[in-house]
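# A structural walkthrough
Here is what each chain is made of, one letter per residue.
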Amino acid sequence: MTETVHNWEDHGYLATYIKKNGSFANLRIHPHGLVLVDLQSYNDHIKGREEVDQLLNKVEERMKELFHGNIKRVKRLPAILRGGVIDRYWPTADGRLVEYDIDEVVYDEDSPFQNIKILHSKQFGNILILSGDVNLAESDLAYTKAIMGSGKEDYTGKEVLILGGGDGGILYEIVKLKPKMVTMVEIDQMVIDGCKKYMRKTCGDVLDNLKGECYQVLIEDCIPVLKRYAKEGRMFDYVINDLTAVPISTSPEEDSTWEFLRLILDLSMKVLKQDGKYFTQGNCINLTDALTLYEEQLSRLYCPVEFSKETVCVPSYMELWVFYTIWKKQTDI
């Protein structure tokens, strides 16, 4: 291997080793005692990866010998596989990198609104990913139950409005509960098409037809629909917002998603019955600033509201998720 060495008097030592096949290693020694070894190589087969592991074992043993057993701690991180046909790395909402056990790209299409992926996970089943955000896996009934009120609500004979929900999970579960009518408004037909074919453990057969005995699916932008319903005076017992999570940004004046969120909230309150309930997801429990800002937005709606929240473990998210229940504040007569 070709060796290149850099030595900085006050900043430590760097050595780079390059092999003829393009593989290379960096050895970085910092003045305070931290030693980093990074190895990059092209291995598209298991045998090659095993050889790399064996090499790293030898490096680790040699380092212990050189330091005469004075190493306090050794930590080896799993290899990150770049440029693979299957992308297994997806960030959590709070910016941590997660490697999923993805073994198949089931569906990958671009709609006029977003990129739609459905990937298969050995643990979680098929996972719907929209424009890089993990939305829902077949394992995630906990999400659907939470955004419906965690089993505490009686949907029998009720009027329900679902905003978004193109995976069909909420619609499928509510239809079982004998509602009077469920109206689902989803802007992206291609999400529905992908999910009714590849997410059937989530949606069952409910997306096979856009109309059923007690439900209808409108392929429309929900904002004009909400404005139309408000003008007509149409009211719902439940409004379930499955459009988007609370924005990560904590600068509402700079993030249009916050403006969209406030508009949806206000319009939803206008079509919600006085004793009705509004359900929505929040975001990762670690995003305390964003969640606090969302709760502040609730005090700025056209009508006074109250809220409660619940934290749920959604399997494929690999993080705790916050859900909100919002209702109109009862005024004394």
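Look above for the structure.
Cut-offs used in this document
- Residues numbered from 1 in each chain as written.
- Predicted model: local features only at pLDDT ≥ 70, side-chain atom pairs only at ≥ 80, totals over all residues.
- Heavy atoms only, no water.
- Salt bridge = Lys/Arg side-chain N within 4 Å of Asp/Glu carboxyl O.
- Helix = DSSP H or I, 4+ residues; strand = E, 2+ residues; numbered from the N terminus.
- Buried < 20%, exposed > 50% of the residue type's maximum accessible area, 1.4 Å probe, protein only.
- Phe/Tyr/Trp six-rings, centres within 6.5 Å; stacked < 30°, edge-to-face > 60°.
- Pairing = 2+ DSSP bridges.
- Expected span 1.5 Å × (residues − 1).
- Contact = heavy atoms within 4.5 Å.
- 1 Å grid on protein atoms, 1.4 Å probe; cavity = no way out; pocket = protein on both sides within 12 Å on 5 of 7 lines; lining within 4 Å.
- Points joined across faces, edges and corners; volume = space filled by probe spheres on them.
- Nonpolar A, V, L, I, M, F, W, Y, C, P; charged D, E, K, R; others polar.
- Axes fitted to C-alpha atoms, helices over the stretch in contact; angles between N-to-C directions.
- Parallel < 35°, antiparallel > 145°, perpendicular 65-115°, else oblique.
- Left-handed = near helix turned anticlockwise from the far one by under 90°.

The subject of this paragraph is the pattern of salt bridges. With the rule as written, the count across this model stands at 16 salt bridges. A salt bridge links Arg76 to Glu60, with the nearest nitrogen and oxygen atoms 3.3 Å apart. Here the residue Arg76 occupies a position in the loop between helix H1 (46-66) and strand S5 (89-91), and Glu60 occupies one in helix H1, the gap between them amounting to 16 residues. Residue Arg76 is classed as partly exposed on the basis of its relative accessible area, which comes to 35%. Here Asp193 ties to Lys196 by a salt bridge, and the two come within 3.8 Å at their closest N and O atoms. With Asp193 and Lys196 both in helix H4 (residues 189-198) and three residues apart, the pair spans about one turn of that helix. One network of salt bridges, with partners in common, ties together Glu60, Lys64 and Arg76.

Below, the discussion takes up the packing of aromatic side chains. Counted according to the given criterion, the structure contains 10 aromatic pairs. With centroids separated by 5.2 Å and ring planes inclined at 70°, the aromatic side chains of Tyr143 and Phe323 adopt a geometry described as edge-to-face. Taken as a pair, Tyr143 in helix H2 (residues 141-147) and Phe323 in strand S17 (residues 319-328) lie far apart in primary sequence, 180 residues in all. A single burial state applies to Tyr143 and to Phe323, both of which are buried.

Bringing the pairing of S17 into the picture now. Counting buried positions along S17 gives eight out of 10 residues, so the element sits mostly inside the fold. Pairing analysis gives five bridges linking strand S15 (residues 272-284) to S17, with the strands arranged antiparallel. Note on S17: the bridge partner recorded for Cys284 is Trp321. In this structure, strand S16 (residues 305-314) lies alongside S17, joined through 10 bridges in antiparallel fashion. Bridge pairing in S17 places Glu306 opposite Trp327. Between the antiparallel neighbours S16 and S17 lie four residues, among them Met318 with a positive phi of about 55°.

A rise of 1.5 Å per residue sets the reference length of helix H7 (residues 256-271), with its 16 residues, at 22 Å; its end C-alpha atoms lie 23 Å apart and thus fit the reference within 8%. Turning to H7, its buried residues number three or more, namely Trp258, Leu261, Ile264, Leu265, Leu267, Ser268, Met269 and Val271.

To continue, consider helix H8 (residues 288-297). Those residues of H8 lying buried are Ala290, Leu291, Leu293, Tyr294, Glu295 and Gln297. Where the residues of H8 are buried, they touch H7, S15, S16 and S17.

A word on the layout of surface pockets. One water molecule sets the probe size; rolling that probe over the atoms shows where empty space is left. Here the largest pocket is characterised by a volume of approximately 2,200 Å³. Along the walls of the largest pocket sit 46 residues, with Val37, Leu56, Leu77, Pro78 and Ala79 positioned nearest its centre. Taken together, the elements giving at least two residues each to the lining of the largest pocket come down to strand S4 (35-40), H1 and strand S6 (97-99). Per-class residue counts for the lining of the largest pocket are 24 nonpolar, eight polar and 14 charged. Estimated volume of the second largest pocket: approximately 1,100 Å³. Put simply, the parts of the chain that give the lining of the second largest pocket at least two residues each are strand S9 (125-130), strand S10 (133-137), helix H6 (222-232), H7, S15 and S17. Looking at the lining of the second largest pocket element by element, the count peaks at four residues for S10. Looking at the lining of the second largest pocket, its residues break down into 22 nonpolar, 12 polar and seven charged.

Axis separation between H7 and H8 bottoms out at 11 Å; the angle between their running directions is 40°. Taken together, the axes of H7 and H8 are oblique relative to one another. Considering how the two elements wind past one another, H7 and H8 form a crossing that is right-handed. Mapping the contact onto sequence places Trp258, Leu261, Arg262 and Leu265 in H7 and Ala290, Leu293, Tyr294 and Gln297 in H8.

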